[in-house]
Amino acid sequence: MMKKMSIPTSKISLVLFLCQIISALDVPLDLSQPPTITQQSPKDYIVDPRENIVIQCEAKGKPPPSFSWTRNGTHFDIDKDAQVTMKPNSGTLVINIMNGGKAEAYEGVYQCTARNERGAAISNNIIIRPSRSPLWTKEKLEPNHVREGDSLVLHCRPPVGLPPPIIFWMDNAFQRLPQSERVSQGLNGDLYFSNVQPEDTREDYICYARFNHTQTIQQKQPISVKVLSMDSLNDTIAANLSDTDIYGAKPVTERQPVLLTPTGSTSTKVELRGNVLLLECIAAGLPTPVIRWIKEGGELPANRTFFENFKKTLKIIDVSEADSGNYKCIARNTLGSVHHVISVTVKAAPYWITAPRNLVLSPGEDGTLICRANGNPKPSISWLANGVPIAIAPEDPSRKVDGDTIIFSHVQERSSAVYQCNASNEYGYLLANAFVNVLAEPPRILTPANKLYQVIADSPALLDCAYFGSPKPEIEWFKGVKGSILRGNEYVFHDNGTLEIPVAQKNSAGTYTCVARNELGKIQNEVQLEIKDPTMIIKQPEYKVIQRYGQVSFECIIKHDSTLLPTVTWLKDNDELPDDERFLVGKDNLTIMNVTDKDDGTYTCIVNTTLDSVSASAVLTVVARPNPPFDLELTGQLERSIDLSWIPGDENNSPITSFVIEYEDALHEPGVWHYQTEVPGTQTTVQLKLSPYVNYSFRVIAVNKIGRSQPSEPSEQYLTKSASPDENPANVQGIGSEPDNLVITWEPLKGFQSNGPGLQYKVSWRQKDVDDEWTSVIVANVSKYIVSGTPTFVPYEVKVQALNDLGYAPEPSEVIGHSGEDLPMVAPGNVQVHVINSTLAKVHWDPVPLKSVRGHLQGYKIYYWKVQSLSRRSRRHVEKKILTFRGNKTFGMLPGLEPYSSYKLNVRVVNGKGEGPASPDKAFKTPEGVPSSPSFLKITNPTLDSLTLEWGSPTHPNGVLTSYTLKFQPINNTHELGPLIEIRIPANESSLILKNLNYSTRYKFYFNAQTSVGSGSQITEEAVTIMDEVQPLYPRIRNVTTAAAETYANISWEYEGPDHANFYVEYGVAGSKEDWKKEIVNGSRSFFVLKGLTPGTAYKVRVGAEGLSGFRSAEDVFETGPAMASRQVDIATQGWFIGLMCAVALLILILLIVCFIRRNKGGKYPVKEKEDAHADPEIQPMKEDDGTFGEYSDAEDHKPLKKGSRTPSDRTVKKEDSDDSLVDYGEGVNGQFNEDGSFIGQYSGKKEKEPAEGNESSEAPSPVNAMNSFV
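Residues numbered from 1 in each chain as written. Predicted model: local features only at pLDDT ≥ 70, side-chain atom pairs only at ≥ 80, totals over all residues. Heavy atoms only, no water.

**Student:** What is the right way to read the overall build of the protein from this model?
**Tutor:** In terms of helices and strands, the protein carries 7 helices and 93 strands. The buried share of the protein, reckoned over its 1271 residues, is 43%. Of the contacts made within the protein by residues no fewer than 6 positions apart, 65% connect residues no fewer than 24 positions apart. Taken as a whole, the protein presents about 67200 Å² of accessible surface, with 51% of it coming from carbon and sulfur. (Helix = DSSP H or I, 4+ residues; strand = E, 2+ residues; numbered from the N terminus. Buried < 20%, exposed > 50% of the residue type's maximum accessible area, 1.4 Å probe, protein only. Contact = heavy atoms within 4.5 Å. Areas by Shrake-Rupley, 256 points an atom, 1.4 Å probe, with all protein chains shown as cover.)

**Student:** Would you explain unusual backbone geometry in this entry?
**Tutor:** Of all residues except glycine, most have a negative phi; of all peptide bonds, most are trans. A cis geometry characterises the amide bond from Leu286 onward to Pro287, with omega recorded as 0 degrees. Looking at where Pro287 falls in the secondary structure, it is placed in the loop between strand S24 (282–286) and strand S25 (290–295). Looking along the chain, the bond that leaves Ser470 and enters Pro471 is cis, with omega of 5 degrees. With respect to the secondary-structure elements, Pro471 resides in the loop between strand S42 (467–470) and strand S43 (474–479). One non-glycine residue, Lys311, lies in the positive phi region at around 65 degrees. Summarising the element assignment, Lys311 is placed in the loop between strand S26 (305–308) and strand S27 (313–316).

**Student:** So what exactly am I meant to see when it comes to the sheet that holds strand S92 (residues 1098–1105) here?
**Tutor:** Backbone-to-backbone hydrogen bonds pair the strands of a sheet. The strands run either parallel or antiparallel. Overall, antiparallel pairing links the 4 strands, which are arranged S90-S89-S92-S93 in an open sheet. Among the strands making up the open sheet, the edge pair consists of strand S90 (1077–1080) and strand S93 (1116–1119). Taking the axes of each pair of neighbouring strands and ignoring which way they run, one obtains an average angle of 30 degrees across the sheet. Bridge count for strand S89 (residues 1063–1069) against S92 is 7 bridges, and the pairing is antiparallel. Each bridged residue has a counterpart across the sheet, and for Gly1068 the counterpart in S92 is Lys1100. (Pairing = 2+ DSSP bridges. Axes fitted to C-alpha atoms, helices over the stretch in contact; angles between N-to-C directions.)

**Student:** Teacher, can you tell me more about the state of the cysteines here?
**Tutor:** What makes a disulfide is a covalent bond joining the sulfur atoms belonging to two cysteines. The final tally for this structure, using the stated rule, is 6 disulfides. Bridging Cys371 to Cys421, the disulfide has an S-S length of 1.6 Å. On the S-S bond that ties Cys371 to Cys421, the torsion sits near -70 degrees, and the link is left-handed. Of this pair, Cys371 sits in the loop between strand S31 (367–370) and strand S32 (372–376) while Cys421 is found in strand S37 (residues 417–425), placing the two residues 50 residues apart along the sequence. Across the pair, Cys421 and Cys371 agree in class, each one buried. Sequence-ordered numbering of the disulfide-bonded cysteines in the protein gives the connectivity 1-2, 3-4, 5-6, 7-8, 9-10, 11-12. (Disulfide = S-S within 2.5 Å.)

**Student:** Which parts of the structure should I look at to understand empty space enclosed by the protein?
**Tutor:** Sizing a probe to match a water molecule and rolling it over the atoms shows the empty space that remains. Tallying each qualifying case throughout the model produces 2 cavities of 30 Å³ or more. Forming the boundary of the second largest cavity are Ile939, Glu1021, Glu1022, Arg1036, Arg1038 and Asn1039. Of all the secondary structure elements, the ones that give two or more residues to the lining of the second largest cavity are strand S86 (1019–1024) and strand S87 (1036–1044). The residue makeup of the lining of the second largest cavity, split by class, is 1 nonpolar, 1 polar and 4 charged. (1 Å grid on protein atoms, 1.4 Å probe; cavity = no way out; pocket = protein on both sides within 12 Å on 5 of 7 lines; lining within 4 Å. Points joined across faces, edges and corners; volume = space filled by probe spheres on them. Nonpolar A, V, L, I, M, F, W, Y, C, P; charged D, E, K, R; others polar.)

**Student:** How should I be thinking about the packing of aromatic side chains in this particular structure?
**Tutor:** In this description, a pair of aromatic rings is defined by centroid distance and the angle of the planes. Applying the stated rule across the entire model yields 24 aromatic pairs. With 5.6 Å between their ring centres and 35 degrees between their planes, Phe968 and Phe1005 make a pair best called tilted. Separated by 37 residues along the polypeptide, Phe968 in strand S82 (residues 963–971) and Phe1005 in strand S85 (residues 1002–1010) bring together distant segments of the chain. Residue Phe968 is classed as buried on the basis of its relative accessible area, which comes to 5%. For Phe1005, a relative accessible area of 0% puts it in the buried group. Between Tyr1099 and Phe1118, the ring centres sit 5.7 Å apart and the planes meet at 20 degrees, which makes this aromatic pair stacked. Remark: Phe1118 occurs in strand S93 and Tyr1099 occurs in strand S92; sequence separation between them is 19 residues. By the burial criterion, Tyr1099 is buried, and Phe1118 matches it. Over the ring of Tyr351 we find Arg273, and its NZ or CZ is 3.8 Å from the ring centre. Between the NZ or CZ atom of Lys799 and the centre of the ring of Trp774, over which it lies, the distance is 4.4 Å. (Phe/Tyr/Trp six-rings, centres within 6.5 Å; stacked < 30°, edge-to-face > 60°. Lys NZ or Arg CZ within 6 Å of the ring centre and 35° of its normal.)

**Student:** For this particular structure, what's the right way to read the sheet that holds strand S38 (residues 428–438)?
**Tutor:** Strand order in the open sheet formed by 5 strands is S30-S38-S37-S33-S34, and the pairing between neighbours is mixed. Of all strands in the sheet, those with a lone pairing partner are strand S30 (359–361) and strand S34 (388–389), marking the two edges. As judged from the 6 bridges shared by strand S33 (residues 380–385) and S37, these two strands associate in the antiparallel manner. Within the sheet, the bridge partner assigned to Trp383 lies in S37 and is Cys421.

**Student:** Help me out: how do you make sense of the confidence of the model for the protein in this one?
**Tutor:** Residues shown with low pLDDT carry predicted positions that ought not to be read at fine detail. For the protein, the mean per-residue pLDDT works out to 84, and 85% of the residues sit at or above 70. pLDDT under 50 marks residues 1–24. Its contacts with residues more than four places away, or in other chains, come to 52 contacts. Confidence over residues 241–249 falls short of pLDDT 50; this stretch has 11 contacts with residues more than four positions distant or in other chains. (pLDDT = per-residue confidence, 0-100.)

**Student:** Could you clarify how one ought to interpret the nonpolar core in this entry?
**Tutor:** Nonpolar side chains in soluble globular proteins tend to end up buried together. Among the nonpolar cores identified, the biggest contains 29 residues, and Ile53, Ile55, Trp69, Ile95, Tyr110 and Ile128 are the most heavily contacted of them. Setting aside its immediate chain neighbours within four residues, Ile128 contacts Tyr45, Val47, Ile53, Ile55, Tyr106, Glu107, Gly108 and Tyr110. (Core = buried A, V, L, I, M, F, W, Y, C linked by side-chain atoms within 4.5 Å.)

**Student:** Even after reading the chapter, I still don't get the pairing of strand S62 (residues 685–689), so can you show me in this structure?
**Tutor:** Within a regular beta strand, the side chains point alternately toward one face of the sheet and then the other, so they alternate between its two faces. Along S62, the buried face is formed by Val686 and Leu688; none of Thr685, Gln687 and Lys689, which line the opposite face, is buried. In this structure, strand S59 (residues 641–647) lies alongside S62, joined through 5 bridges in antiparallel fashion. Looking at S62, one finds that Ser645 is bridged to Thr685.

**Student:** How should I be thinking about the pattern of salt bridges in this particular structure?
**Tutor:** Side chains bearing opposite charge may pair, as long as their charged atoms lie close to each other. In this structure the tally under the stated criterion is 38 salt bridges. When the shortest N-O distance is used, the salt bridge between Lys539 and Glu542 registers 3.6 Å. Using a relative accessible area of 41% as the deciding quantity, one classes Glu542 as partly exposed. Here Lys866 ties to Glu898 by a salt bridge, and the two come within 2.3 Å at their closest N and O atoms. Of this pair, Lys866 sits in strand S75 (residues 857–869) while Glu898 is found in the loop between strand S77 (891–894) and strand S78 (901–911), placing the two residues 32 residues apart along the sequence. (Salt bridge = Lys/Arg side-chain N within 4 Å of Asp/Glu carboxyl O.)

**Student:** What's the story with a nonpolar patch on the surface in this structure? I'm lost.
**Tutor:** Taken together, the side chains of Leu1146, Leu1149, Ile1150, Ile1153, Val1154, Phe1156 and Ile1157 make up a nonpolar region of the molecular surface, amounting to roughly 650 Å² of accessible area. In this structure, Val1154 sits in helix H4 (residues 1135–1160). With a relative accessible area of 41%, Val1154 lands in the partly exposed category. (Patch = residues over 30% accessible without salt bridge, like charges linked within 9 Å, V, L, I, M, F, W, Y side chains within 5 Å.)

**Student:** How should the side chain of Thr965 be read in this particular structure?
**Tutor:** You can see Thr965 is positioned in strand S82. Residue classification places Thr965 among the buried residues on the basis of a relative accessible area of 6%. In terms of polar contacts, Thr965 uses its side chain to reach the side chain of Arg984, at 3.5 Å. In contact with Thr965, not counting residues within four places along its chain, are Glu982, Ile983, Arg984, Tyr1006, Phe1007, Asn1008 and Gln1010. (Polar contact = N/O pair within 3.5 Å; in protein donor to acceptor, adjacent residues only side chain to side chain.)

**Student:** Just checking my understanding: could you explain the environment of Glu555 for this structure?
**Tutor:** Structurally, the position occupied by Glu555 is in strand S50 (residues 552–555). Sequence-wise, Glu555 and Thr591 are 36 residues apart; in three dimensions their C-alpha atoms are separated by 8.7 Å. Those residues in contact with Glu555 that sit more than four places away from it in its chain are Lys539, Gln540, Pro541, Trp570, Asp588 and Asn589.

**Student:** Explanation requested: the pairing of S26 in the structure shown.
**Tutor:** The sheet contact formed by S26 and S27 spans 4 bridges and is antiparallel. Within the sheet, the bridge partner assigned to Glu308 lies in S27 and is Thr313. Joining the antiparallel neighbours S26 and S27 is a turn of 4 residues, in which Asn309 adopts a positive phi near 55 degrees.

Shown next as structure tokens:
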């Protein structure tokens, strides 16, 4: 699809230089030389009679030549004709026609002579003829009455003009008459009808002749044609004959071909070499004949043969003698054929084989003029000297004429002259001027000095050295200042002095010297050669397929010589891009927006520099959904089938893969189209199966890879006959909705399935396994029927049969259904629980009798709940959990139990109606398990040789704690671990002071708790003893705490060490061997929120610092809250509470402002006057010393507000009493944090489903406390 083209400019230059090689040396105009004709009018010169006549004749020479003219062979004295002038310093004549002259008066043969002291040159004979556009002669045209099917020729016969006019046929509305194989225009301008049809009847067949020279159009009188059809012809005959006559025109009869032109069986044709050969055959006949051309004894020339006018015209361009021969045209139709043979002879006006060339000779040299021409017949050669036949010209002893050659020997300066060679035959002539110029001149170089040549690498380099001298100088080339003469196969030396380097390389660059010498002297010239890197397209545009209205881009990335300035041009189909704003040309690409079908084509990127040009092309194919099919036709109509055919629409460059046929039932569902079938994209007809009693219409949709076309226009409608139904309703079911009924349902037949009017259903049922008769009822076109008064959950046989006005459908099949279910009556018995381990138990039960289920047995449900934890002995809110076991199971496993806890459960049977009664509650206990990790581990009060450890008991002891185990070991500066020391600590301890430690040493601690079952997961921490009672500078992260919710947790820590540390948090499931997951903390924050956690899962977490190898905190363990079935409403987000808080805050603010104002007045409250005026005993007495109210004082105003109470839940990780800790604000699993770690204040308490156990408070914060927190 891609095409690359490179057209180096140097190759074009090579062609031009080679043309110079074959031409004679030009004599510089500053040297004496005979005249040379440089410009003249054509031999056959047709002029516009309304404009001035300009006959050109230009020549050069030294001295400048003078000009004279002959007209019709005699001297034309232009001074005697006021209408004729000659241009200054020129021989061109201007005949003034526009000021009274008549062109006809200047018809004739003109010849120009240019003369100076060294000779005379003559022009061709120029025949001047004014163009003519005569009017049509008036004639009376009779109407043409033609019988249908006959042939007809309408003659044009245009007036004879100069040059001949162009003929065309039009009507009165100036519209060209349509032409075809049946009706066409001949080469002579006549209009030929192979056979006429009724539609050919009209009264305005008009022939027009256009004369291009005068820009005029002449019109012939309109011609009337009336075609007599057989029906009208019979009516005419009937009107003129009696009833007893036998009359009637024969119907239109077919006829074998007859040639209208040319006539006869043979003809001849003469054409001149180089012209266009036109041969024509037009035939009459019915059916219209088809024309075929052959060449007897040979083949029609390839690449030069064309067929025109519906193959009635054979056209061969640039004919030669080899095209002579017999050409046969054959006209054929179904009844036969006719042929005509045209014998073609190709003649030739004279043409040059060797035209004479100018000779420049030095005195005493020899030379020849050669004039050779060919033609058919062979032309005669004659010579003239200075315009005079050589036989009567002055003699020259150095000249000898030998046929087509003149030989010169020992010429002298007086031998200079202009010689004319004339080659002529009956079809034309050739005239050539060639001078002999005798000069003695030293060499001269015409190429400018130091001319710079720039050439692309690996291309030919042509260095010019145009020269002149007489005798002809010898040329030598050198490279460099002191280089040797250039020789060898890598160079080509041309006769005109040009040096050619066929393949120029980088090392070819440099200075080249041309030396010209003859016996009269020597001269040299230097030129410069630079080699440039070629321009390349390194990223070419690629073939693209794009959907209509899409966007496409073609790349064209180039590489070029840095000293050359490239220009990039884009073409579409070798023409300029459309003037459309959708086409965006970038630096190295072309983008087309909103592509349309018109954008389909070949896009070419052309890169031009001053030295070379490269291009690359790619094809854009615009694809789209196909156009809809058309011309739908129904054939072969039967009761149950029909044939549908169609014509595909345009596939829009993406082949059609299939056709989808849809139908509409105008009788039952008008306007709704249904899928009928699908056929391959190569198929355009299909046989469709039909149903009775349907009014069908069909449409077709074409599909290709892009998508589906719009639907075609609907076909005509076709109504099928009615019949009894072919099928019964599907999906028949019998299911009771109540304990005493049976609901029979089915899918009704669609409209076209009814096969006829009056669709109904016969519903039948009987109890299974009981010897009962069928009970039946006929219902309307509905989809269900309810049978009442049935026993509970009894099997029934059910069937539904379709019927209409024409009969019943085939016998339907039976299905088994059941009447309605009721709740089970009996609970499972003998429930047993086997505790497998601390978190798993197995439950057994006896199945209930199937009759007591009273429905479809779906399975059993176990309801179980935790009564209390045996370790804390505190009751909790009962949260029942349910496990369902499908089918007729008799046991089930209870996973996820909490160790060392008391549970109860019961079992219930389940059917389609619901659950049966519960079995008696069964109590069981789970044994102890290993505890969770201690809730926290803090290391405080570092000294030179001691550390204080504090910890919290496990959040889930899972039994009775027996002890704690502490392990620790030192870490040296290379992070190697020392010996491990283990200490056993009683379970009732919560702190420990480790003494006799090494000063300034880092220790790692591992701490866990034990029950009688074993050790729980451990928590780790690191700490450093101090050196000289100075805080260590060694960085550390301590006091990692967590506040967890259901799916996220807030991690906070304390950091000691260098500033600008970059932290990260690592976490994973506690007890898992999976790799730690790592999260980077933005900035230097000391908190982070872990998101996407699993509810009810224990996690381990640690914090580290980037760049401090191996430096991280001890591990901490936390557990996310369980997934809640539903969240309670947060009072802090309720509108009424927010409004209340705002009102209280406003009231307090007003009170503070009033107190502040009073205080600024000296702390006095001025009520004495009011008290005197209103002796109200209820007014509180003032203190006598300062007159203020007894309940107020300045000291009271400065008391801080009390901090609101904070009650952590059992899942809060404890920490030192730091006012900065985010953990202090947590509410366990219900504590709320934004995802960025910011705290959302909570102003109302929540009633926990599981109150905190042990000594921990479960009291929710009061509104007062919330108020204090808010303020």
